[in-house]
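Next come the chains, spelled out residue by residue.
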Amino acid sequence: MEARPRPDLFDFHGVGMIKEFTENWDNIQNFKARPDDILIATYTKAGTTWVSYILDLLYFAHMGPDRQTSIPLHDRVPFLEICKPPLPLGTDLADKLPTTPRLIKTHLPVQFVPKSFWEQRCRVVYVSRNAKDNAVSYFHFERMNCAMPEPGDWSTFLQNFMEGKMVFGSWYDHVNGWWEKKETYSNFHYMFYEDLIEDCGREIDRLCSFLSLSPSPEEKERVKASVTFDNMKQNKMTNYSTFDTMNQTISPFMRKGKVGDWKNHFTVAQNEQFDEDYKQKMKYPDLKFHYEI
Ligand code: PPS
């Protein structure tokens, strides 16, 4: 795989961004959401692919095996803000989705979400992940994906993460901003990666209750079995093996899928500094994360 130049991070209305996510800005902002659309929103590496696949199976597994074996998940659940020619624009893919509901993925901080999603009262599923594991996963993702900025070494990356110098901005602002939205926007389901790891079946039940879905016990079991880490890692439609900017020999997209891998990366000093800084940045006592299970 040839080495390609990495994009530069720049400030975009107060949020770190790369061109790939701002070049199509007018179309993103003017995107016409429909009332039955479901927006899957996350900070990068929080469990987007996992929850996207769960929702795709809950809604569309009945369409038969062809869809599951021939259409990559990122085409079934388009990434709204992506603009990476020659690939189709995320907004075009979303516009042309033949399914109802349309499942649409975004990493945008809440203030950048096209207003039609709120006006149409769309259902929103937000997935968040504890900051330490999220940072570790993001570090390895930037190492393997030349479409992202160069991460530098782990300590450089961690410092940038704490300072919010990341694509899609600060993790702290992202999870806090979306948490705040939950207070005023009722069509909202806020989930945690750690809860999915602890009990995926329970989280599928909660999602079904939010979405008013009632799969049979057998259907639910089939979804649960399909979305295990090992199955998604083997599945070419969910493991991003079709993406040419990702060098999965450096680090696989489906890397570890664990809670607590941060302990293999943070030094004692880094952990203390991180915890101290974390206390300053987290505003809502009710927004609590699990760092181990
Ligand atoms: S992205 O690029 O933002 O869309 O990435 P995202 O899908 O949000 O996050 C990738 C991380 O989620 C893990 N993952 C899973 N963990 C457990 N079980 C399942 N089924 C699963 N699917 C994805 C994936 O391994 C990445 O985490 P790390 O810690 O890097 O392994």
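Residues numbered from 1 in each chain as written. Predicted model: local features only at pLDDT ≥ 70, side-chain atom pairs only at ≥ 80, totals over all residues. Heavy atoms only, no water.

### A closer look at the packing of aromatic side chains
Logical step 1: In the structure shown here, the tally under the stated rule is 41 aromatic pairs.
Logical step 2: A centroid spacing of 5.7 Å and a plane angle of 15 degrees characterise the contact between Phe31 and Phe117, whose relative ring orientation is stacked. Taken as a pair, Phe31 in the loop between helix H1 (25-29) and strand S3 (38-42) and Phe117 in helix H6 (residues 115-119) lie far apart in primary sequence, 86 residues in all. The burial state of Phe31 is the same as that of Phe117; both residues are buried.
Logical step 3: Each ring, one from Trp154 and one from Phe157, has its centre 6.2 Å from the other, and the planes form 20 degrees; the classification is stacked. On the criterion of helical spacing, the pair formed by Trp154 and Phe157 is a turn pair, its members being 3 residues apart in helix H8 (residues 154-163). Of the two residues, Trp154 and Phe157, both sit in the buried class. (Phe/Tyr/Trp six-rings, centres within 6.5 Å; stacked < 30°, edge-to-face > 60°. Helix = DSSP H or I, 4+ residues; strand = E, 2+ residues; numbered from the N terminus. Buried < 20%, exposed > 50% of the residue type's maximum accessible area, 1.4 Å probe, protein only.)

### A look at the sheet that holds S3
Logical step 1: Taken in spatial order, the 4 strands of this open sheet run S4-S3-S5-S6, and their pairing is parallel. The open sheet has two edge strands with one neighbour each: strand S4 (103-106) and strand S6 (188-192). With direction set aside, neighbouring strand axes in the sheet form an average angle of 20 degrees.
Logical step 2: The pairing of S3 with strand S5 (residues 123-128) spans 5 bridges and is classified as parallel. Residue pairing for S5: Leu39 is matched across the bridge by Val124. (Pairing = 2+ DSSP bridges. Axes fitted to C-alpha atoms, helices over the stretch in contact; angles between N-to-C directions.)

### Considering the site of the ligand
Logical step 1: The environment of the ligand is made up of 23 residues, and the closest members are Thr48, Thr49, Ser137, Lys256 and Gly257.
Logical step 2: With respect to the ligand, the side chain of Thr49 contributes an N or O atom lying 2.5 Å from an oxygen atom.
Logical step 3: For the ligand, a nitrogen atom lies 3.2 Å from a polar atom in the side chain of Trp50.
Logical step 4: Computed on the free molecule, the ligand has an accessible area of 640 Å², of which 98% lies beneath the protein chains in the complex.
Logical step 5: Where the shell around the ligand is concerned, the elements lending two or more residues are helix H2 (48-60), helix H7 (131-144), helix H10 (193-198) and helix H13 (229-234).
Logical step 6: Among the residues making up the shell around the ligand, the classes are represented as 10 nonpolar, 8 polar and 5 charged. (Near = heavy atom within 4 Å. Polar contact = N/O pair within 3.5 Å; in protein donor to acceptor, adjacent residues only side chain to side chain. Areas by Shrake-Rupley, 256 points an atom, 1.4 Å probe, with all protein chains shown as cover. Nonpolar A, V, L, I, M, F, W, Y, C, P; charged D, E, K, R; others polar.)

### What to know about the side chain of Thr91
Logical step 1: Mapped onto the fold, Thr91 is located in helix H5 (residues 90-96).
Logical step 2: Within the local environment of Thr91, its side chain forms a polar contact with the side chain of Asn24, the two groups lying 2.8 Å apart.
Logical step 3: Beyond its immediate chain neighbours, meaning those up to four positions away, Thr91 contacts Asn24, Asn27, Ile28, Phe31 and Leu80. (Contact = heavy atoms within 4.5 Å.)

### Quick look at the packing of H7 against H8
Logical step 1: Relative to each other, H7 and H8 sit at 125 degrees, their axes nearing to 10 Å. In this view, H7 runs oblique relative to H8, as classed from their interaxial angle. Crossing handedness for the pair H7 and H8: right-handed. Contact residues: Ala131, Ala135, Val136, Tyr138, Phe139 and Glu142 in H7; Trp154, Phe157, Leu158 and Phe161 in H8. (Parallel < 35°, antiparallel > 145°, perpendicular 65-115°, else oblique. Left-handed = near helix turned anticlockwise from the far one by under 90°.)

### A look at the pairing of S5
Logical step 1: For S5, the tally of buried residues reaches 6 of 6 residues, placing the bulk of the element in the interior.
Logical step 2: The side-chain alternation of S5 yields two buried faces, one formed by Arg123, Val125 and Val127 and the other by Val124, Tyr126 and Ser128.
Logical step 3: Relative to S6, S5 runs parallel, the two being bridged by 5 bridges. Pairing of Tyr126 across the sheet is with Tyr190, part of S6.

### Describing the pairing of S3
Regular strands place their side chains on alternate faces of the sheet.
Logical step 1: For S3, a buried count of 5 out of 5 residues is recorded, marking the element as mostly surrounded by other parts of the structure.
Logical step 2: Along S3, one buried face is formed by Ile38, Ile40 and Thr42 and the opposite face, lined by Leu39 and Ala41, is buried too.
Logical step 3: In the sheet, S3 pairs with S4 via 4 bridges, with the strands oriented parallel. Residue pairing across strands places Leu39 opposite Ile104, the latter belonging to S4.

### Thoughts on helix H9 (residues 171-184)
Logical step 1: Between its first and last C-alpha, H9 extends 21 Å over 14 residues, near the 20 Å set by a 1.5 Å rise per residue.
Logical step 2: Here H9 has its buried residues at Trp171, Tyr172, His174, Val175, Asn176, Gly177, Trp178 and Trp179.
Logical step 3: Two or three places before Tyr172, at the start of H9, stands the capping residue Ser170, its side-chain oxygen 3.1 Å from that residue's backbone nitrogen. (Expected span 1.5 Å × (residues − 1).)

Nothing here speaks to function; it is geometry throughout.
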